[in-house]
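# Observations on the three-dimensional arrangement
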Amino acid sequence: MKYNYLEIPKKVHLKLLGIDQKPSCVQAIFQPASEPSEFGKAGKSVGDILFLEKQNLLLVSLGPAKKISADVLRQAGGSLIRWLTTNRMSEIVIDAEDPIFQPSTKFSALLEGIFLASYRFERHKKSTDTTPNPVVWIQAKAHHTEVQTTVRRAETITDAINLARDWAHEPANVINPVTLAERSIQLAEKYNLEWKILDEKELEAIGAGAIVSVGKGSHQSPARLIILKYAGKKTDQEEKPVVLVGKGLTFDTGGYSLKDTANIQGMKYDKCGAMAVIATIIAAAQLEIPIPIIAVIGAAENMISSYAYRPDDILTTLAGKTVEIVSTDAEGRLVLADTLTYVQQNFPARAVIDLATLTGGVVVALGRVRAGLLSNSDRLANELLESGERTHERLWRLPLDEEYFQLIKSEDGDMKNSSTVREAHPIVGGIFLSQFIDETTAWAHLDIAGVADSPKELPYSPKGATGFGVRLLIDYLENLE
Ligand code: BES
Ligand code: ZN
Ligand code: ZN
């Protein structure tokens, strides 16, 4: 089946009513649970919905008045979409000028919830869903133009997030490092980004022994380094770019340190860091963010074959440091080591931020609520923490004390790729990466293993890839001075 993977099919149509147009359908009203209403007990929680058929109204609860945040509106938008689909209601109107949506970040969040909740991964389904896609009408009179801008912006960002989810959902027999590189080129052409791909021979030639080794076990596809560049808005000053780095393991079997049946499932999502980074740069380009941005993806497929790398191997990285392999399942840090080195050798940056589904340990530590943040710069860390709170893509900082390096000290090489004990895995991952970071580079590592995909449906994300990181990074980039 042929499909255009650059386009994201939407399950909702969001349209702006003309200034003089009168809505003829049911109106959705968003209100706090504390407000006296027909809600009764049913309206206590965010997203509870009551349909007042006679009055032509759909009441959507925002929960307790004191706790109405932007994310509450995102959640309410999500439950509205679910309700419309389940109840097969084809149209609804929302008054954008309702004071409950002030400040306007709340209205944006509502729109995000609507767009994000309507995403489905249905490309490979033969049976078609017959539910009609609902039309959400937005009514705005006095602030028509501003509302239009807000709608467009929310659509740009959520389209990018849904693209990240869409590609992340694709299994490894569809997306591998080679096909990911091809798709990235097409995206780059579509959005006027510069691009460059390094194949395994070029990577080998420059001495990137770590990423090449991880990719060696795959007969289907060797490793690729994918580089996308957005020039930023032209200014007189030469601005240094922000470099975003993504772990793009299109599948992680664990290699010879093979994962078991329970843990190998879902390892197509090991490319979610890469997807977030790609989606961010295309959204940033469309939003015309002033700062230049470079996205660099280390892509590989971690497989088993007689060509695959083994435990005990000693690899020479692009930085020249050697790594003794303890576990072929700690492959992400090897791919990132070379990617981060390449980035620092080629692009003097204002900041380097990597996103990676790096450790199961971060899921143990922080669950599926917050991603781990490790950084050598308090300023960069704080900027990212703040963006996390604003966008509800929340982070929690973990330490990088040098004593942790003891856990990966090697007798035969410069370091091991993993410790042999079950201690501090997300920190050890960060400590390993920090060995490849120059003192002068402001660097942050986001371990997104717990939040990149969800085993169950969330208020505005279906089961599977969440697209975590895009809202966070866009907010960070937009708030840079
Ligand atoms: N891709 C995994 C991390 C992961 C685990 C992501 C669960 C999402 C859900 C990574 O490559 C890995 O296998 N890490 C090992 C590291 C260990 C060998 C030090 C892990 O976490 O077990
Ligand atoms: Zn692994
Ligand atoms: Zn992995």
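Keep in mind that what you see is a predicted model, and the values were worked out from it rather than measured. (Residues numbered from 1 in each chain as written. Chains lettered and ligands numbered in written order. Predicted model: local features only at pLDDT ≥ 70, side-chain atom pairs only at ≥ 80, totals over all residues. Heavy atoms only, no water.)

## A closer look at the coordination of the zinc ion (ligand 2)
Every protein donor of the zinc ion (ligand 2) is accounted for by Asp252 (OD), Asp329 (O), Asp329 (OD) and Glu331 (OE), and the metal-donor separations fall at 2.0 to 2.2 Å. Its six donor atoms give the zinc ion (ligand 2) angles of 71 to 167 degrees at the centre, a pattern that matches the irregular case. The motif formed by the donor residues of the zinc ion (ligand 2), counted along the single chain, is D-x76-D-x1-E. The metal-metal distance between the zinc ion (ligand 2) and the zinc ion (ligand 3) is 3.3 Å, with Asp252 coordinating both. (Donors = N, O, S within 2.8 Å, 3.2 Å for Na, K, Ca; no water. Tetrahedral: all angles 85-135°; square planar, octahedral: opposite > 155°, others 65-115°.)

## Here we look at the domain arrangement of the protein chain
For the protein chain, the assigned domains read domain 1 (13–158) and domain 2 (170–478). Taking only C-alpha atoms into account, the centre of domain 1 sits 35 Å from that of domain 2. Contacts between the two partners involve 18 residues from domain 1 and, on the opposite side, 16 residues from domain 2. With both sides pooled, the region where domain 1 packs onto domain 2 buries about 1400 Å², and carbon together with sulfur makes up 60% of that total. There are four salt bridges connecting domain 1 and domain 2. Where Glu457 meets Arg120, a salt bridge forms, and the shortest distance between an N and an O atom there is 3.9 Å. Run the count over domain 1 and domain 2 and you get five residue pairs in polar contact (both at pLDDT 80 or more). Partitioning the side of domain 1 that touches domain 2 into residue classes produces five nonpolar, six polar and seven charged. (Domains from an automatic or database assignment. Contact = heavy atoms within 4.5 Å. Buried area = accessible area lost by both parts, 1.4 Å probe. Salt bridge = Lys/Arg side-chain N within 4 Å of Asp/Glu carboxyl O. Polar contact = N/O pair within 3.5 Å; in protein donor to acceptor, adjacent residues only side chain to side chain. Nonpolar A, V, L, I, M, F, W, Y, C, P; charged D, E, K, R; others polar.)

## Observations regarding the site of ligand 1
Near ligand 1, the surroundings consist of 16 residues, among which Lys259, Asp270, Asp329, Glu331 and Gly360 are the closest. In the model, a nitrogen atom of ligand 1 is placed 3.3 Å from a nitrogen or oxygen of the Leu358 main chain. When ligand 1 sits alone it has 520 Å² of accessible area, and the protein chains cover 80% of it. Partitioned by chemical class, the residues of the shell around ligand 1 number three nonpolar, six polar and seven charged. (Near = heavy atom within 4 Å. Areas by Shrake-Rupley, 256 points an atom, 1.4 Å probe, with all protein chains shown as cover.)

## With respect to the coordination of the zinc ion (ligand 3)
Put simply, the ideal angle at a metal is 109.5 degrees for four donors in tetrahedral geometry and 90 or 180 degrees for six donors in octahedral geometry. Lys247 (NZ), Asp252 (OD), Asp270 (OD) and Glu331 (OE) make up the full set of protein donors to the zinc ion (ligand 3), lying at 2.0 to 2.4 Å. Around the zinc ion (ligand 3), the six donor atoms are arranged such that angles at the metal cover 76 to 172 degrees; this shape is classified as octahedral.

## Here's the deal with a nonpolar patch on the surface
A cluster of nonpolar side chains, contributed by Tyr256, Leu258 and Ile304, occupies part of the molecular surface with about 280 Å² of accessible area. Tracing the backbone shows Ile304 in the loop between β10 (293–302) and β11 (314–316). Under the relative-accessibility criterion, Ile304 is labelled partly exposed at 37%. (Patch = residues over 30% accessible without salt bridge, like charges linked within 9 Å, V, L, I, M, F, W, Y side chains within 5 Å. Helix = DSSP H or I, 4+ residues; strand = E, 2+ residues; numbered from the N terminus. Buried < 20%, exposed > 50% of the residue type's maximum accessible area, 1.4 Å probe, protein only.)

## Considering the packing of aromatic side chains
Counted according to the given criterion, the structure contains six aromatic pairs. Ring centres 6.2 Å apart and planes at 80 degrees place the aromatic pair Tyr5 and Trp167 in the edge-to-face group. With Tyr5 in the segment before β1 (13–16) and Trp167 in helix α3 (residues 144–169), this pair connects stretches of sequence that are 162 residues apart. Like Tyr5, the residue Trp167 is buried in the burial classification. The rings of Phe30, Phe101 and Phe107 are connected pair by pair, giving a single aromatic cluster. Sitting over the face of the ring of Trp167, Arg183 holds its NZ or CZ atom 5.2 Å from the ring centroid. (Phe/Tyr/Trp six-rings, centres within 6.5 Å; stacked < 30°, edge-to-face > 60°. Lys NZ or Arg CZ within 6 Å of the ring centre and 35° of its normal.)

## So, the environment of Leu17
Along the chain, Leu17 falls in the loop between β1 and β2 (27–31). When neighbours within four sequence positions are excluded, Leu17 is seen to be in contact with Pro23, Val93, Trp137, Ile138, Gln139 and His144.

## A short note on the pattern of salt bridges
All told, the structure shown has 21 salt bridges when counted by the stated rule. In this structure, the salt-bridge partner of Arg153 is Glu478, at a minimum N-O distance of 2.8 Å. With Arg153 in helix α3 and Glu478 in helix α13 (residues 470–478), this residue pair connects regions lying 325 residues apart in the sequence. Take Arg153: its relative accessible area is 32%, and that puts it in the partly exposed class. Salt bridges sharing common partners tie together Asp71, Arg74, Glu112, Glu393 and Arg471.

## What about the sheet that holds β11?
In a beta sheet, neighbouring strands pair by backbone hydrogen bonds and run either parallel or antiparallel. Taken together, the three strands give an open sheet; going across it, the order is β11-β12-β16, and neighbouring strands pair in mixed fashion. Taken across any chain shown, the strands that pair with only one partner, and hence form the sheet edges, are β11 and β16 (415–416). Bridge analysis of strand β12 (residues 322–324) against β16 gives two bridges, and the strand direction is parallel. By the bridge assignment, Val323 is partnered in β16 with Met415. (Pairing = 2+ DSSP bridges.)

## Description of helix α8 (residues 272–287)
The first and last C-alpha atoms of α8 sit 22 Å apart over 16 residues, in line with the 22 Å expected at 1.5 Å per residue. With respect to burial, α8 is a largely interior element, 14 of its 16 residues being buried. Downstream of α8 by one or two residues, Glu288 has phi in the positive range, about 55 degrees. (Expected span 1.5 Å × (residues − 1).)

## Things to note about helix α9 (residues 332–346)
Owing to its 3.6 residues per turn, the α-helix aligns residues three or four sequence positions apart on the same side. With 15 residues, α9 ought to run about 21 Å at 1.5 Å a step, and its terminal C-alpha atoms sit 21 Å apart, in line with that. A large share of α9 lies buried, amounting to 13 of its 15 residues.

## What to know about the side chain of Arg123
Examined against the element boundaries, Arg123 turns out to sit in the loop between α2 (104–117) and β6 (135–139). Here the side chain of Arg123 touches Glu7 through a polar contact of 3.2 Å, landing on its backbone oxygen. At 2.4 Å, the side chain of Arg123 forms a polar contact with the side chain of Asp166.

## With respect to the pairing of strand β9 (residues 242–252)
Burial within β9 is extensive, with eleven of its eleven residues counted as buried. Strand direction decides the pairing type here: β9 and strand β13 (residues 351–356), joined by five bridges, are parallel. Residue Leu244 lies in a different strand from β13, and its bridge partner there is Ile353. Both β9 and β10 contribute to a ladder of ten bridges, which runs parallel. Across the sheet, Gly248 pairs through a bridge with Ala299, a residue of β10.

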